[in-house]
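This is what each chain is made of:
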Amino acid sequence: MNFVDTSGQRYFLHHNEDNIREADAIVFVYDITNPETFTALDQWLWTVNRVKPRTLPKMLIGNKLDMMHVQAVSASKAKEWAIPEGRNYS
Ligand SMILES: Nc1nc2c(ncn2[C@@H]2O[C@H](COP(=O)(O)OP(=O)(O)OP(=O)(O)O)[C@@H](O)[C@H]2O)c(=O)[nH]1
Ligand SMILES: [Mg+2]
């Protein structure tokens with residue numbers, strides 16, 4: 001199994017289409033202390049959905065759980081994002 005770690009920077013968004021095309025699953029990771037990383041997910045999802053069938057397995061992970069004391073994106077908000085299309089949230 002190969003894992004491809006892409007840059008989260010917006011500049012690279014459209015430079016990832018080959019990686020996305022070859023993927024069997026996508027893991028979206030955001031930083032629970034940084035709302036911008038959460039709002040950026042929509043653009044990533046849009047790009048993924050544009051090049052792959054919407055049925056591609058997807059998972060959302062909230063990173064930096066050790067920083068819960070400065071959490072800025074609630075788990076319920078993350079679940080709201082994840083659930084509509086059957087995406088898993090961990
Ligand atoms: N406290 C804490 N810091 C973390 C955790 N994971 C990553 N970091 C820190 O967050 C910063 C960014 O981590 P990266 O792994 O570079 O993040 P990235 O999403 O790969 O960033 P790009 O590749 O630039 O898109 C670094 O300073 C890491 O040490 C975590 O679980 N907890
Ligand atoms: Mg990185």
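Residues numbered from 1 in each chain as written. Chains lettered and ligands numbered in written order. Predicted model: local features only at pLDDT ≥ 70, side-chain atom pairs only at ≥ 80, totals over all residues.

### Details of unusual backbone geometry
This is how it is decided: Exposed residues have 12 or fewer other C-beta atoms within 10 Å of their own C-beta, buried residues have 20 or more, and partly exposed residues fall in between, where C-beta atoms are placed from the backbone.
Look at K64: it is not a glycine, yet its phi comes out positive at around 70 degrees. Of the residues examined, K64 has 15 C-beta atoms within 10 Å and is grouped as partly exposed.

### Points about the site of ligand 1
Using the following cut-off: Placing a C-beta atom from the backbone of each residue, we mark the residue near a molecule or strand if the atom is within 6 Å of it. Asp, Glu, Lys and Arg are counted as charged, while Ala, Val, Leu, Ile, Met, Phe, Trp, Tyr, Cys and Pro are counted as nonpolar; the rest, among them Gly, fall into the polar class.
The full set of residues close to ligand 1 is S7, G8, Q9, N63, K64, D66 and M67. Among the residues forming the shell around ligand 1, the class breakdown is one nonpolar, four polar and two charged.

### A look at the nonpolar core
Applicable threshold: Put simply, a nonpolar core is a cluster of buried Ala, Val, Leu, Ile, Met, Phe, Trp, Tyr and Cys residues tied together by C-beta atoms within 7 Å. Numbering of helices and strands starts at the N terminus; helices are DSSP runs of H or I of at least 4 residues and strands are runs of E of at least 2. Remark: residues whose backbone-derived C-beta atoms lie within 7 Å of one another are considered to be in contact.
In terms of nonpolar packing, the biggest core is built from 10 residues, these being F28, Y30, I32, F38, W44, L60, V73, A78, W81 and A82. Contributing elements (two or more residues each) for this core: β1 (26–31) and α4 (75–82). No other element matches α4, which puts three residues into this core. Setting aside residues up to four positions removed in sequence, F28 forms contacts with L41, W44, K58 and L60.

### Thoughts on the confidence of the model for the chain
In plain terms, the rule: Confidence scores here are pLDDT values: one per residue, from the predictor, ranging 0 to 100.
On average, residues of the chain carry a pLDDT of 89, and 89% of them reach 70 or more. When the elements of the chain are averaged for pLDDT, strand β3 (residues 88–89) gives the smallest value, 64, and helix α2 (residues 35–39) the largest, 96.

### Quick look at α4
Test applied: Taken from the helix axis, the directions to the C-beta atoms give the arc we talk about.
Burial in α4 covers these residues: A78, W81 and A82. Here the buried residues of α4 occupy an arc of 95 degrees about the axis, which is enough to place them on one side. Exposed and facing more than 90 degrees away from the buried side of α4 are S76 and E80.

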